[in-house]
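Descriptive analysis of the structure
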Amino acid sequence: MTAKRRWFLPRTPDVLGALRAQAAVTVDGLDALAAWAAGDANAAERVRECEHLADDLKGELRAALSEAFSTPLEPEDIFQLSTGLDNIMNSAKNIVREAEVLGRAPDPPMAELAGALAEGTRHLAEAFAALGDGGGAGAAATGAADAALESQRRVERDYRAGMSALIQLPDLHEVAARRELYRRLARTSDALKDVAERVWYSVLKES
């Protein structure tokens, strides 16, 4: 009889664990982007590998959400956090691809921008590690989200500095290519900001 009753219990997939796994791979991917931007050409392939793996983990998370009877955060929030991570990882892959299409190797401003993005993504992973744990976990999650937002502001500052330096280049084709790459990196920080703000929103709803 006990066995029969257990059979009817709803499944409780570890959706936060799945979200954290996606975040960990996204951190690896952005670290690879930073390494590539700093001059490690071989890291480009690692960025692509992480993007594919993150896609698989995103799919697993969505499947878990569809099966879960209850979740530690609202399903919509978990879905949006996962989607935001996906946007960050996709953007990282597209930056590498765009640079390859343009035939441009990364330069120091790109290294600064990518480094700030990688730092911000690590803070997002720290926020996810605290989500749903109760007690003071909400404060820990929002504190890490604030740190991610500071990284996003650093991207904005580095972007302005990089764009200002472009006026010194005599080759207009080089200016146009660099400007596009800088813009892509800056737009990635918008996705970073969206995830950090969603962390705040998720915590506020649970408090």
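Structure: see above.
Everything numeric in this text was worked out from a predicted model, so none of it was measured. (Residues numbered from 1 in each chain as written. Predicted model: local features only at pLDDT ≥ 70, side-chain atom pairs only at ≥ 80, totals over all residues. Heavy atoms only, no water.)

A few words on the environment of C50. Relative to the helices and strands, C50 resides in helix α3 (residues 43–67). What makes C50 buried here is its relative accessible area of 1%. With 80 residues separating them along the chain, C50 and A130 place their C-alpha atoms 23 Å apart. Once residues within four sequence positions are removed from consideration, C50 is found in contact with V25, D28, G29 and M89. (Helix = DSSP H or I, 4+ residues; strand = E, 2+ residues; numbered from the N terminus. Buried < 20%, exposed > 50% of the residue type's maximum accessible area, 1.4 Å probe, protein only. Contact = heavy atoms within 4.5 Å.)

Bringing the environment of D77 into the picture now. Note on placement: D77 falls in helix α4 (residues 75–102). Through-space distance from the C-alpha of D77 to that of A64 is 14 Å; in sequence the pair is 13 residues apart. With residues up to four places along the chain from it excluded, the contact list for D77 reads R198, Y201, S202 and K205. Among the polar contacts made by the side chain of D77, one reaches the side chain of K205 at a distance of 2.9 Å. (Polar contact = N/O pair within 3.5 Å; in protein donor to acceptor, adjacent residues only side chain to side chain.)

The next subject is the packing of helix α2 (residues 15–37) against helix α5 (residues 108–130). The interhelical angle for the contact between α2 and α5, taken along N-to-C directions, is 165 degrees, at an axis separation of 8 Å. Our classification of the angle between α2 and α5 gives roughly antiparallel. Classified by chirality, the crossing of α5 by α2 is left-handed. Residues L19, R20, A23, T26, V27, L30, D31, L33, A34, W36 and A37 of α2 pack against M110, A111, A114, G115, L117, A118, T121, R122, A125, F128, A129 and A130 of α5. By residue class, the composition of the contact of α2 with α5 is 17 nonpolar, 3 polar and 3 charged. (Axes fitted to C-alpha atoms, helices over the stretch in contact; angles between N-to-C directions. Parallel < 35°, antiparallel > 145°, perpendicular 65-115°, else oblique. Left-handed = near helix turned anticlockwise from the far one by under 90°. Nonpolar A, V, L, I, M, F, W, Y, C, P; charged D, E, K, R; others polar.)

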